[in-house]
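# Report on the structure
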Amino acid sequence: VATAMSANLNLAYGALLAMLVVPQYVLIHPYLHLLITAPLLVWIGCQRALIESQKAPGESQMETVTKKDAMQFPLIGSAVLFGLYIVVKFVSKEHLDILISIYFAGIGALGVFSTVRTPVSQLLSAEKLKVLSVRFHWKFWKRKREDDDAFALDFNALDVVLLVASTGLSLSYAYFKTWYLNNCLGFAFSIQGIEMISLGSYVIGCILLAGLFVYDVFWVFGTEVMVAVAKGINAPIKIMFPKALGVKPLPCSMLGLGDIVVPGIFVALMLRFDAKLLLSSQPYFTTNFVAYVLGLVVTVGVMHFFDAAQPALLYLVPACIGASLLTAASRGELKELLNYSVEKRPTETSEAAAAESTVAAESRKDQ
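Fair warning: this is a prediction, and the values are worked out from it, not measured in the lab.

Cut-off values and rules
- Residues numbered from 1 in each chain as written.
- Predicted model: local features only at pLDDT ≥ 70, side-chain atom pairs only at ≥ 80, totals over all residues.
- Heavy atoms only, no water.
- Helix = DSSP H or I, 4+ residues; strand = E, 2+ residues; numbered from the N terminus.
- Buried < 20%, exposed > 50% of the residue type's maximum accessible area, 1.4 Å probe, protein only.
- Contact = heavy atoms within 4.5 Å.
- Areas by Shrake-Rupley, 256 points an atom, 1.4 Å probe, with all protein chains shown as cover.
- Core = buried A, V, L, I, M, F, W, Y, C linked by side-chain atoms within 4.5 Å.
- Expected span 1.5 Å × (residues − 1).
- Salt bridge = Lys/Arg side-chain N within 4 Å of Asp/Glu carboxyl O.
- pLDDT = per-residue confidence, 0-100.
- Pairing = 2+ DSSP bridges.
- Phe/Tyr/Trp six-rings, centres within 6.5 Å; stacked < 30°, edge-to-face > 60°.
- Axes fitted to C-alpha atoms, helices over the stretch in contact; angles between N-to-C directions.
- Parallel < 35°, antiparallel > 145°, perpendicular 65-115°, else oblique.
- Left-handed = near helix turned anticlockwise from the far one by under 90°.
- Nonpolar A, V, L, I, M, F, W, Y, C, P; charged D, E, K, R; others polar.

This paragraph deals with the overall build of the protein. Secondary structure assignment for the protein yields 13 helices and six strands. The buried share of the protein, taken over its 367 residues, is 43%. Excluding contacts between residues fewer than 6 apart, the proportion of contacts in the protein whose partners are at least 24 apart in sequence is 75%. With an accessible surface of roughly 20200 Å², the protein has 66% of that area assigned to carbon and sulfur atoms.

Formed by 81 residues in total, the largest nonpolar core has its most connected members in Val42, Ile44, Cys46, Tyr202, Ile260, Phe266 and Tyr292. Here this core gets 11 residues from one element, more than from any other, and that element is helix H9 (residues 258-276).

As a further point, take helix H6 (residues 179-196). The terminal C-alpha atoms of H6 lie 25 Å apart, and with 18 residues this matches the ideal 26 Å at 1.5 Å per residue to within 8%. Of all 18 residues making up H6, 17 are buried, and the element is well covered by its neighbours.

A word on the pattern of salt bridges. Summed over all chains, the structure comprises five salt bridges. Lys55 is paired through a salt bridge with Glu52; the nearest N and O atoms lie 3.0 Å apart. Given the relative accessible area of 36%, Lys55 is considered partly exposed. With relative accessibility at 3%, the residue Glu52 sits in the buried group. In this structure, the salt-bridge partner of Arg331 is Glu333, at a minimum N-O distance of 3.0 Å. Classification of Arg331 as partly exposed rests on a relative accessible area of 35%.

This brings us to the confidence of the model for the protein. The share of residues in the protein with pLDDT of 70 or more is 89%, and the mean pLDDT across the chain is 89. Low pLDDT, under 50, characterises residues 346-367; the predicted model gives this stretch three contacts beyond four residues in sequence or across chains.

Our next topic: the pairing of strand E5 (residues 238-242). Where burial is concerned, most of E5 is hidden: five out of the five residues are buried. Residues Lys238, Met240 and Pro242 of E5 are buried on one face, and the alternating residues Ile239 and Phe241, pointing to the opposite face, are buried as well. Pairing between E5 and strand E6 (residues 252-256): five bridges, direction antiparallel. Counted as the bridge partner of Met240 is Met254 from E6.

Our focus in this paragraph is the environment of Ser253. If you trace the backbone, Ser253 turns up in strand E6. Along the chain, Ser253 and Ala309 lie 56 residues apart, while their C-alpha atoms are 9.9 Å from each other. Ignoring anything within four residues of it in the chain, the contact list for Ser253 reads Pro30, Ile239, Met240, Phe241 and Lys243.

So, about the packing of aromatic side chains. Here the structure, examined in full by the defined rule, presents 12 aromatic pairs. With 5.8 Å between their ring centres and 90° between their planes, Trp179 and Tyr180 make a pair best called edge-to-face. On the accessibility criterion, Trp179 (8% relative accessible area) is buried. Exposure remark for Tyr180: the relative accessible area of 29% places this residue in the partly exposed category. Pairing Phe285 with Phe289 gives two aromatic rings, centres 5.8 Å apart and planes at 25°, and the pair type is stacked.

The next subject is the environment of Gln54. Relative to the helices and strands, Gln54 is located in the loop between helix H2 (30-53) and strand E1 (63-65). In this structure Gln54 comes out as exposed when scored by relative accessible area, which is 56%. Considering only alpha carbons, one finds Gln54 and Ala275, 221 residues apart in sequence, at a separation of 9.8 Å.

Turning our attention to the packing of H9 against helix H10 (residues 283-306). Between H9 and H10, the least distance of the axes is 7 Å, while the angle of their chain directions is 160°. Classified by the angle between their axes, H9 and H10 sit roughly antiparallel to one another. Taken as a pair, H9 and H10 cross one another with a handedness that is right-handed. The residues of H10 that touch H9, namely those facing Asp259, Ile260, Pro263, Phe266, Val267, Met270, Leu271, Phe273 and Asp274, are Pro283, Tyr284, Phe285, Asn288, Phe289 and Tyr292. For the contact of H9 with H10, the class distribution of residues is 12 nonpolar, one polar and two charged.

Okay, the packing of helix H4 (residues 93-123) against helix H5 (residues 157-176) next. Orientation of H4 relative to H5, taken along the N-to-C sense of each, is 140°, at an axis distance of 8 Å. With respect to each other, H4 and H5 are oriented oblique. For H4 against H5, the interelement crossing comes out right-handed. Contacts between H4 and H5 involve Ser101, Phe104, Ala105, Gly106, Gly108, Ala109, Val112, Phe113, Val116, Arg117, Val120 and Ser121 from the former and Leu158, Asp159, Leu162, Leu163, Ser166, Thr167, Leu169, Ser170, Leu171 and Ala174 from the latter. Of the residues assigned to the contact of H4 with H5, the class counts are 13 nonpolar, seven polar and two charged.

In structure tokens:
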């Protein structure tokens, strides 16, 4: 199973790379380009999220979204969005581009490196390379230094090469601002977002999607803010799909990263639910993934018909939540789905804390 998943991931990486290279020479209709690229990003992100979730607790770097986070996110997102709108309106575009370029040059390099490190290392069998370790205590003001305070970094020669290449790509985007370099960073941010953000439970996922459904509809239909920010900020916060070749300025359709990551983390939750129930056919993931694609098709169709920007979550949220509920109802597993949670219960948390205290006490005795 692991070999098949790895092979499928490699095929998906190849298809995604093709979506960067081919449109530079052969025009792909922007709607088709979008309907290939976005599902690829969601599929890759979900598979990597499943792998990440199966790691030992100390090794996994996943961040779990709590109920409080889900309820606050639309409000925080609205404040940030309106703040960006004010910046776009009152700060000169030249100064804004410089600040954005500096910011994304840094996080872009780390995002690309984190995304390509695993597949490239597996492709080149990097486990055979010598591993170097750097370790130091950053809390230098403490007289008694503990291992928990130490900063440890393990890397090999390939990691150095990839980090340099990722930095070069990120700096190239900051200078040239081409659509394909924008998409390189956007791909990395999308995959990392789906891989590293975990919904705490099915109910939390529904709360988050419902809140962002209202958020998206309000800011797109109710105001000019969302569209103004998307067009006014030249940053890899969207995936771009060229409408022509060899012309300047290059006309592009676009899809915000939120329309990939937000539904993507919900689809990833359904993949983990399949894994928990040991369903090899992955019915929840399959139906939700298909629902996401169909939601995109509807979004594109409505956008084309009305010739106006559309809040994609207006169509994606009902599609994903509806598909999960219908699948559970048809399989007689509605209760299991509604109760599904990956959050630690208070008793589990207290037991873990007690165990850690016991271990710490025993280690002090040994000293």
